[in-house]
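One letter stands for each residue in the lines below.
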Amino acid sequence: MNDDITAPFDVVWENTDPSLLNQQGTIEIEGEIQHKDYPKPFIEKRADPYLYKHTDGYYYFTGSYPLYDRIVLRRAKTIDDLPEAEEKVIWWKHESGIMSEHIWAPEIHFINGKWYIHVAAGEKDDVWAIRPYVLECEADNPLEGGDWIEKGQVNTAFHSFSLDATTFEHNGKRYLVWAQKVEDDTISNLYIAEMENPWTIKEQVLLSTPEYDWERIGFDVNEGAAMLKNDQKIFIAFSGSATDENYAVGLLYADINSDLLNPKSWTKMKEPVMVSSENTEEYGPGHNSFSVDEKGYELIIYHARPYKGFNTDNPLYDHNRHARIQRLFWTKDGFPYFGGEPGYSIDFSGKKAKAIVEIK
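Attention here is on the structure that accompanies the text. (Residues numbered from 1 in each chain as written. Predicted model: local features only at pLDDT ≥ 70, side-chain atom pairs only at ≥ 80, totals over all residues. Heavy atoms only, no water.)

**Looking at the sheet that holds strand 3 (residues 47-53)**
With antiparallel pairing, the four strands of this open sheet are ordered in space as 3-4-5-6. The outermost strands of the open sheet, each flanked by one partner alone, are strand 3 and strand 6 (88-92). Going across the sheet, the axis of each strand differs from the next one's by a mean of 25°, ignoring polarity. (Pairing = 2+ DSSP bridges. Helix = DSSP H or I, 4+ residues; strand = E, 2+ residues; numbered from the N terminus. Axes fitted to C-alpha atoms, helices over the stretch in contact; angles between N-to-C directions.)

Here it is in structure tokens:
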């Protein structure tokens, strides 16, 4: 663990000699430090994973389905139960026209009492005419008994390859951040806009463009945005470069009370915050989301392959990008710390937590 990191952990304290409790003063007690390592991988063949903890106590999980022809959703009371939870198809692609090919990167959100899914999709006559769309459901349980109504395409300012939309609320306003290609569909930028409603944006603003070497390997890419914040800063994690072992996670940040629609409010870190690891054999980590565990500790959910490269002509059709989870930490100066490498483990064996207890 980085020396700049401080993090709380749960402790199971050992039984104390009852005779000591009759003494005045203090005693030192010891306990076993608790840290959860999730299965590696967590859920296989679910790229672009999105995990959401709702107020009903359930965790909802979705991601890109390998055939890119449907939207799937599962839920469970605990994160541990998600891998074996029943997965429901809540929407199928159209037979023709829009939303008939490349159903990518769904995210589920609960906004003003309704469920929404933001998803990217192409069309049979032009499979790369990828655009952002929104679905709405009024059911209490979005897996059961509710129709998903297509609210249409997000009204971006120009029409080009566009995907990976995410939405969040901040200081009483709702925002959308998404990736969209420019310059003859060669460069994928991130854009941000305030929203009129969950499927309609106001004026879009350029948030980030690939500028550093690590964002421009194979392709010039910024995509897969996810928001995270604390009481000082708001962060946008995003992914860059081609979707092989060069895929990596970068970070933008702004002051918590700044104007998020002003590009000058944002700073991009020059180096990525999560990259491929030979040590853990996780390659091309990216397109993450953030959530919290049952104790409120923050998590990063991301995908990565267990090998370099890809085993098809096009990496998008190598479906071994598996969903993975690990705990997210914070530096002393308030920046997220991604654990040093994807798939890290923390070994507390042979170590004890100690505390001084005052006896009265």
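**Digging into the environment of methionine 195**
Mapped onto the secondary structure, methionine 195 falls in strand 13 (residues 187-197). Look at methionine 195 and you get buried, because its relative accessible area is 6%. (Buried < 20%, exposed > 50% of the residue type's maximum accessible area, 1.4 Å probe, protein only.)

**Structural notes on the sheet that holds strand 22 (residues 322-327)**
Strand order in the open sheet formed by three strands is 20-21-22, with antiparallel pairing between adjacent strands. The open sheet has two edge strands, strand 20 (283-292) and strand 22, and neither has a second partner. Between one strand axis and the next, the sheet turns by 30° as a mean value, whatever way the strands run.

**Considerations on the pattern of salt bridges**
Once their charged atoms are close, side chains differing in charge can pair, the charge on each being opposite to the other. Within the structure shown, the criterion is met by 21 salt bridges. The salt bridge involving lysine 124 is made with glutamate 101; its shortest N-O contact spans 3.0 Å. Taken together, the residues span a long stretch of sequence, with lysine 124 in the loop between strand 8 (114-123) and strand 9 (126-137) and glutamate 101 in strand 7 (residues 98-111) at a distance of 23 residues. The closest approach of N and O atoms between lysine 308 and glutamate 278, which form a salt bridge, is 2.7 Å. Of this pair, lysine 308 sits in the loop between strand 21 (298-305) and strand 22 while glutamate 278 sits in the loop between strand 19 (267-268) and strand 20; the two residues are 30 residues apart in sequence, bridging distant segments of the chain. (Salt bridge = Lys/Arg side-chain N within 4 Å of Asp/Glu carboxyl O.)

**Concerning the nonpolar core**
If you look at the biggest cluster of nonpolar residues, it comprises 27 residues, and the most contacted ones within it are Trp104, Ile192, Leu260 and Trp266. Look past the residues within four positions of isoleucine 192 in its chain and what remains in contact with it is Tyr175, Leu176, Val177, Trp178, Glu203, Gln204, Val205, Leu207, Leu260, Leu261 and Trp266. (Core = buried A, V, L, I, M, F, W, Y, C linked by side-chain atoms within 4.5 Å. Contact = heavy atoms within 4.5 Å.)

**Focus: the side chain of threonine 243**
Here threonine 243 is to be found in the loop between strand 17 (233-240) and strand 18 (248-255). Its relative accessible area of 14% is what places threonine 243 among the buried residues. Ignoring anything within four residues of it in the chain, the contact list for threonine 243 reads Glu223, Arg305, Pro315, Leu316 and Arg321.

**A few points about the packing of aromatic side chains**
Across all of its chains, the model carries 22 aromatic pairs by this definition. Plain terms: the ring middles of tyrosine 68 and tyrosine 317 are 6.3 Å apart, the flat faces sit at 50° to each other, and that makes the pair tilted. In this pair, tyrosine 68 is assigned in the loop between strand 4 (59-64) and strand 5 (70-76) and tyrosine 317 in the loop between strand 21 and strand 22, connecting sequence segments 249 residues apart. Look at tyrosine 317 and you get partly exposed, because its relative accessible area is 34%. Chaining the aromatic ring pairs together yields one cluster made of Tyr52, Tyr58, Tyr60, Phe110 and Trp115. (Phe/Tyr/Trp six-rings, centres within 6.5 Å; stacked < 30°, edge-to-face > 60°.)

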